[in-house]
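A structural walkthrough
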Amino acid sequence: MSASLPPHRGLHNQPPDPNPRTPQYPVPDMAWDCHIHLFGPLSQFPFEGSSPYVSDDALPEDYLRMQKVLGVRRAVIVSAGGYGKDYRHLQSVLERFGEHFRGIMLPRDDLRASEVQALRKLGVRGIRMFAGPDGHEWSHLPQINPKLAALVHDAGWHVQYQSLVRGHLVNVADQLLAMPTPLVIDHCGAFDPTLGTGQGAFTTLLRMLDTGKVWLKLSGPMRCSDQDYPYADMLPFAEILVRHAPERLLWGSDWPHVQMNGRGMPNDGSLLDLFAQWVPDAATRERILVQNPLALYS
């Protein structure tokens, strides 16, 4: 992690824990980390002016060093909102480190089929979409767009969706399911754990998983919970999800954990151990870490 940042209106991200520890639980061979962000070098890839945050460099080399400690072998780079709809950073990383990574991009509304095909050759496998209230800090990023979904469906890509507010999934589930692509939902589905497992946002998530076209990332529990590690209020939800649809789950570290200022920064080795506690069966862990990602990112 390096580089000094120029003045910017966005909040400077708290850096990740620089000393990831080796997980206590063994990680299966060829495991995937399905949600990371990368930044920099700043001199080449400045943050978009409207980004609500800025970050020190989080380079591919930084992540790959951590990856060796964790025992993970592959990772999915999710284009960060801090770069807006400019995918040059993702393209550059995949051109140089494509044997290690797959990518998810933030598309422009006028994305062309020729761009999709070129990016697929580099390892891009999907596009991000968001939904939430007008005026949200990320409301300028790609919203639910069936036309874009149809375009990337022809290339075998999926749509990765993130709710901008907890509980908003219940308002957009039918729109998302109407798109032709497979759908990957970020960060456990963005519900409020204090509302209990019977809340509409969570039962909607289970219904979506039952369609067979929806996947869920067991990533970013801190994006749902207001607690610090081990996010104990998330445990009942994780246990239900693992019983309900283990064949539809993925895991991601969410490194380097942007927008965590004022909260406890998790150690990435601890996050893998938390996943193992959520998924105590070794065969199921292997399914989520190794087999399930191959269906989406190979």
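Quick note: structure is the one above.
The paragraphs below set out a description of the structure included in this document. Just so it is clear, the model here is predicted, and its values are computed rather than measured. (Residues numbered from 1 in each chain as written. Predicted model: local features only at pLDDT ≥ 70, side-chain atom pairs only at ≥ 80, totals over all residues. Heavy atoms only, no water.)

**Focus on the sheet that holds strand β8 (residues 183-185)**
On the basis of which strands lie adjacent, the open sheet formed by eight strands has the order β2-β4-β5-β6-β7-β8-β9-β10 and parallel pairing. Edge strands, defined here as strands with exactly one partner in the open sheet, are β2 (32-36) and β10 (249-251). The mean inter-strand angle of the sheet, taken between neighbouring strand axes irrespective of direction, is 25 degrees. Pairing of strand β6 (residues 124-131) with strand β7 (residues 158-163), which is carried by six bridges, proceeds in the parallel orientation. Residue pairing for β7: Ala131 is matched across the bridge by Ser163. The strands touched by helix α9 (residues 282-297) are β2, β4 (74-78), β5 (101-105), β6, β7, β8, β9 (214-218) and β10; relative to β10, the strand with the most contacts, the crossing angle is about 105 degrees. (Pairing = 2+ DSSP bridges. Helix = DSSP H or I, 4+ residues; strand = E, 2+ residues; numbered from the N terminus. Axes fitted to C-alpha atoms, helices over the stretch in contact; angles between N-to-C directions. Contact = heavy atoms within 4.5 Å.)

**Describing the nonpolar core**
Ranked by internal contacts, the top residues of the largest apolar core, which has 84 residues, are Tyr63 and Phe101. Here this core takes six residues from helix α6 (residues 200-209), the largest share from any one element. Excluding residues within four positions of it along the chain, Tyr63 makes contact with Asp33, Ile36, Leu38, Val72, Ala75, Phe101 and Trp255. Judged by nonpolar contacts, the second largest core, of ten residues, contains Val76, Ile104, Val184 and Leu250. (Core = buried A, V, L, I, M, F, W, Y, C linked by side-chain atoms within 4.5 Å. Buried < 20%, exposed > 50% of the residue type's maximum accessible area, 1.4 Å probe, protein only.)

**Observations regarding the packing of helix α1 (residues 60-70) against helix α2 (residues 88-97)**
Remark: α1 packs on α2, axes separated minimally by 11 Å, with the N-to-C direction vectors making an angle of 55 degrees. Here α1 lies oblique to α2, going by the angle between them. Residues Pro60, Glu61 and Leu64 of α1 pack against Val93, Arg96 and Phe97 of α2. (Parallel < 35°, antiparallel > 145°, perpendicular 65-115°, else oblique.)

**Here's the deal with α9**
Helix length check: α9, at 16 residues, gives a terminal C-alpha distance of 22 Å against a target of 22 Å (1.5 Å per residue), a fit within 8%. Taken together, the buried positions of α9 are Thr284, Arg285, Ile288, Leu289, Val290, Asn292, Pro293, Leu296 and Tyr297. (Expected span 1.5 Å × (residues − 1).)

**Points about unusual backbone geometry**
Backbone torsion omega between Tyr229 and Pro230 reads 10 degrees, so that peptide bond is classified as cis. Within the element layout of this structure, Pro230 appears in the loop between β9 and α7 (235-244). Cis geometry marks the peptide bond from Trp255 to Pro256, where omega comes out at 5 degrees. By secondary structure assignment, the location of Pro256 is in the loop between β10 and α8 (268-278). One non-glycine residue, Met30, lies in the positive phi region at around 70 degrees. Assignment of secondary structure puts Met30 in the loop between β1 (11-12) and β2. In the Ramachandran plot, Cys188 falls in the positive-phi region, its phi being about 65 degrees despite a non-glycine side chain. Within the fold, Cys188 resides in the loop between β8 and α6. Note on Cys188: relative accessible area 2%, which makes it buried.

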